[in-house]
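Structure at a glance
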Amino acid sequence: MARRPLPRILTDSAPLARMANFASLARGREFARTAADSASDVFHPLITIGRGLRRLAVAARGRWDATPKESRGPLLFFIGACVLVVALVPYGPLLALIAVMAAGAWAGRERTPVVTGPSEAETERLRALYEALVPYLSAEGDPAPLYTHGGDWERVFGAYAFDDNGRLERLQLKYPAYFTDGEDRSRARIEQVLYAKAGRGREYHFAWDELANQLTVTVLGALPADIAAQRFVTSPGETVLGFTDPDSVQRTLPVDGADGTRDAPPVVWRTGPRSTEPHLLALGQSGSGTTTLLRSIALQALAHGDVLAVDGTGTGEFGCLVGRRGVLAVESGLAGALAALEWASQETERRLVAANRARQSGRPVPDDTRRPLWIVVDRPTALSHLAAAEGRDDPQRWLQVPLRHGRAAQVTVVVADQFESADLLSDPVRAHTKARVVLGTATAEEVRAVLGAPPHTTPTASVPPGRGYARLGSGPVLRVQVPATPDPFDDATSEAHREAVLALLPERTAPDDTESLATVDGGSAPSDPARANGADGADGVDEAEPSAAEPVGAAARVSIVKGGDARTVTGGSREALSADR
Ligand SMILES: Nc1ncnc2c1ncn2[C@@H]1O[C@H](COP(=O)(O)OP(=O)(O)OP(=O)(O)O)[C@@H](O)[C@H]1O
């Protein structure tokens with residue numbers, strides 16, 4: 001009987017053999033790879049030296065080729081002499097061999113290639129920026145346009161830098177000479193394009209070099225906001241409005257910040273008879289920090305002068321000043337504000353007359369006309385509005401004389417208000433406040449409207465309180481961060497800030513209850529007539545009559561503390577104030 005053949009799969013050993021072959025092949029490859037790795041580890045120094053010797057040989061060959069024919073003879077002779085010397089000195093050949101090996105190892109070391117030029121993504125950004133500028137920086141009929149669609153961006157972007165996240169940090173670009181770089185509108189258009197294309201939300205500085213037709217855009221870091229109220233090292237007549245960029249001002253002041261003491265560049269405002277901007281106006285949105293700026297100025301002013309504060313917000317923002325030496329009054333009601341400002345106006349006139357008389361009679365100007373008087377008015381337009389509703393005098397009317405003649409009489413006016421109410425500011429306030437500050441979020445047009453010049457940086461959409469721009473007279477527009485000077489009586493104020501502000505307050509000259517007298521609602525509390533005293537001790541003073549509590553703006557009393565002595569007069573009694581002069 002014939003035997004049946006087994007199935008082919010059981011007899012044919014080819015697949016199994018193939019599998020066995022694959023396995024041995026894979027093993028062999030693995031072995032070869034391991035051997036190669038080990039060999040390359042072992043022979044790595046030799047490989048490096050070999051590579052270095054090859055590079056040296058190539059370099060020597062290049063050098064030899066570059067050597068003029070007539071110099072080759074002497075060079076050969078020199079090399080031969082060197083070889084002879086080496087051969088003759090003891091251990092010369094060995095040392096020479098070691099030197100050659102070392103040179104080979106040095107020349108053959110692996111060098112990480114230096115990446116130059118922008119990455120692909122960065123190149124794409126630069127190209128997009130270039131294309132976006134084409135419509136604004138090209139003109140029909142230009143035979144050799146710097147900017148054309150699909151043109152060479154490397155021709156115009158002289159320098160650029162990106163941060164670690166690939167965002168543009170600095171860009172220097174050339175623009176055609178016919179571009180109207182002297183016109184603010186033309187500049188603003190370019191700045192807007194760059195701002196949009198380089199990434200919104202950051203603050204950019206634009207430096208226009210009109211001579212070289214070159215614009216440099218730099219991303220600005222945020223101004224440090226860790227400087228709080230403190231005693232600044234300044235001379236009398238100097239007030240620190242805030243701190244700015246280091247290259248914007250030439251001076252620095254030692255300040256205590258979050259990381260200890262450091263030098264910071266201040267924006268210093270000079271007041272007094274020689275000041276060209278003797279009065280200041282600060283504007284901003286609600287919550288931008290204008291009241292804080294006034295508080296900071298008042299605290300600095302108290303170091304060398306007297307302060308009269310009028311708080312149009314009626315929220316007691318200057319309550320911490322009440323009863324302190326040098327604080328003449330803190331008013332938050334309409335009647336009180338009117339009386340206090342009228343007094344300030346008449347005091348300015350008195351100082352001028354006294355100084356004039358002294359000069360005419362050849363005597364020195366009396367001391368009581370030389371002590372600086374600061375009139376600090378927060379939101380006067382709120383009081384103006386109230387006054388109009390009640391058919392009374394506009395309190396701003398009484399600022400006219402101090403604003404016009406204050407400089408000669410050592411009287412400084414500081415006004416703060418909100419953008420929305422700026423229209424209600426009187427003409428003298430607008431005309432005589434040459435030192436200007438804009439705080440908080442503001443468009444370039446708003447900054448320009450207040451400061452008279454546009455900012456050289458792109459205002460960002462959100463800024464911390466106290467951040468803005470300052471301009472003194474016709475000087476440059478400076479970025480500024482006001483020192484944190486919060487109301488120490490505000491529950492939200494941190495302990496450190498509260499202590500910093502309280503430490504700057506002059507000593508108390510009146511008992512604590514004065515605080516509730518003048519700041520809360522125009523002073524409804526009775527005061528102690530025994531404390532009532534004139535500035536010179538002999539002035540006429542009305543005895544205060546206790547009155548019923550009245551709403552803000554209907555105040556009937558004024559509390560004035562002059563030269564450290566308390567004086568209380570009825571708000572409606574202007575005669576009493578006049579008599580006091
Ligand atoms: N320079 C600053 N540093 C830190 N915080 C500040 C600064 N300026 C203001 N603030 C804080 O911002 C808030 C608003 O400040 P502030 O009252 O001075 O603003 P404002 O412009 O007067 O607003 P409003 O008129 O609505 O009172 C407060 O909590 C204040 O402490």
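An unreviewed UniProt entry lists the chain under the name FtsK domain-containing protein, with Streptomyces lydicus given as the organism.

1. A look at the overall build of the chain
Along the backbone of the chain there are 16 helices and 18 strands. The contacts of the chain with a sequence gap of at least 6 include a subset with a gap of at least 24, amounting to 67%.

2. Some remarks on the site of the ligand
In the vicinity of the ligand there are 16 residues, among which G289, T291, P465, G466 and A484 approach most closely. Looking at the shell around the ligand, the element that brings in the most residues is helix 8 (residues 290–301), giving three residues. The class makeup of the residues in the shell around the ligand is six nonpolar, ten polar and no charged.

3. Description of the environment of D487
Locating D487 in the fold gives a position in the loop between strand 16 (478–481) and helix 14 (495–504). For the pair formed by D487 and L502, sequence separation is 15 residues and the distance between their alpha carbons is 9.5 Å. In this structure D487 touches E317, C320 and T493, once residues within four positions along its chain are discounted.

4. Examining the packing of helix 3 (residues 69–88) against helix 4 (residues 92–108)
Remark: helix 3 packs on helix 4, axes separated minimally by 6 Å, with the N-to-C direction vectors making an angle of 120°. If you check the angle between helix 3 and helix 4, you find them oblique. Where helix 3 abuts helix 4, its residues V86, A87 and L88 lie against G92, P93 and A96. Each residue belonging to the contact of helix 3 with helix 4 can be placed in one class, and the counts come to five nonpolar, one polar and no charged.

5. Comments concerning the nonpolar core
Membership of the largest hydrophobic core comes to 81 residues, with the highest contact counts inside it found for A298, V307, L308 and V376. A per-element tally of this core places helix 9 (residues 334–360) first, with nine residues. Among residues more than four places away in sequence, those in contact with V376 are L294, I297, A298, V307, L308, A309 and V414. Membership of the second largest hydrophobic core comes to 19 residues, among which are L133, L146, I190 and V217.

6. A few points about the UniProt feature "binding site: ATP" (unreviewed entry) in the chain
Residues annotated in UniProt with the feature "binding site: ATP" (unreviewed entry) correspond here to G284, Q285, S286, G287, S288, G289, T290 and T291. Looking at where Q285 falls in the secondary structure, it is placed in the loop between strand 9 (280–284) and helix 8. When the 16 C-beta atoms within 10 Å are taken as the criterion, Q285 is described as partly exposed. If we ignore the near neighbours within four places in the chain, the residues touching Q285 are Q418, F419, G440 and T441.

7. Description of the confidence of the model for the chain
Here the chain shows a mean pLDDT of 83. Residues at 70 or above account for 82%. Across the chain, the secondary-structure element scoring lowest on mean pLDDT is strand 17 (residues 557–562), at 30, and the one scoring highest is strand 12 (residues 373–378), at 98. Between residues 513–581, whose pLDDT stays under 50, and residues either more than four places distant or in other chains, the model counts 163 contacts.

8. Regarding unusual backbone geometry
You will see that Y91, though not glycine, has its phi angle at about 60°, which is positive. One can find Y91 in the loop between helix 3 and helix 4. Looking at Y91, the number of C-beta atoms within 10 Å reads 9, which means it is exposed. Positive phi is not limited to glycine here, since N213 has a value of about 50°. Mapped onto the elements of the fold, N213 is located in the loop between strand 3 (203–209) and strand 4 (214–220).

9. Some thoughts on the sheet that holds strand 4
Each strand in a sheet pairs with its neighbour through backbone hydrogen bonds, running either in the same direction (parallel) or in the opposite one (antiparallel). Taken in spatial order, the four strands make up an open sheet running 1-2-4-3, and their pairing is antiparallel. On the outer flanks of this sheet lie strand 1 (157–162) and strand 3, each paired with one strand and no other. Adjacent strand axes in the sheet meet at a mean angle of 10°, parallel and antiparallel pairs treated alike. Both strand 2 (residues 168–174) and strand 4 contribute to a ladder of five bridges, which runs antiparallel. Bridge pairing in strand 4 links Q172 to T216. Contacts from helix 7 (residues 184–198) reach strand 2, strand 3 and strand 4 within the one sheet, and its direction differs from that of strand 3 by about 140°.

10. Remarks on the pairing of strand 12
Extensive coverage of strand 12 is indicated by the burial of six of its six residues. By the alternation rule, side chains of strand 12 split into L373, I375 and V377 and W374, V376 and D378, which are all buried. The pairing of strand 10 (residues 306–311) with strand 12 spans six bridges and is classified as parallel. By the bridge assignment, D306 is partnered in strand 12 with L373.

11. Quick word on helix 14
Within the sequence span of helix 14, burial applies to A500, V501 and L504. Angular distribution of buried residues about the axis of helix 14 spans 90°; they occupy a single face of the element. Facing away from the buried side of helix 14 by more than 90 degrees, the exposed set consists of E495, L502 and A503. Those residues of helix 14 hidden inside the fold are in contact with helix 8.

12. A closer look at the environment of R397
Considering the arrangement of structural elements, one finds R397 in the loop between helix 10 (380–390) and helix 11 (400–405). The spatial distance from the C-alpha of R397 to the C-alpha of S384 is 9.3 Å, given a sequence separation of 13 residues.

13. Some points on the packing of helix 5 (residues 120–133) against helix 7
Across the interface, helix 5 lies against helix 7 with an axial gap of 10 Å and an inter-helix angle of 155°. With respect to helix 7, the element helix 5 is oriented roughly antiparallel. The interaxial crossing formed by helix 5 with helix 7 has right-handed handedness. In contact with A128, L129, A132 and L133 of helix 5, helix 7 contributes V193, K197 and A198.

Rules used throughout
Residues numbered from 1 in each chain as written. Predicted model: local features only at pLDDT ≥ 70, side-chain atom pairs only at ≥ 80, totals over all residues. Helix = DSSP H or I, 4+ residues; strand = E, 2+ residues; numbered from the N terminus. Contact = placed C-beta atoms within 7 Å. Near = placed C-beta within 6 Å. Nonpolar A, V, L, I, M, F, W, Y, C, P; charged D, E, K, R; others polar. Axes fitted to C-alpha atoms, helices over the stretch in contact; angles between N-to-C directions. Parallel < 35°, antiparallel > 145°, perpendicular 65-115°, else oblique. Core = buried A, V, L, I, M, F, W, Y, C linked by C-beta atoms within 7 Å. Buried ≥ 20, exposed ≤ 12 C-beta atoms within 10 Å, placed from the backbone. UniProt positions renumbered as here; feature names shortened; annotations may be inferred. pLDDT = per-residue confidence, 0-100. Pairing = 2+ DSSP bridges. Arc of directions from axis to C-beta. Left-handed = near helix turned anticlockwise from the far one by under 90°.

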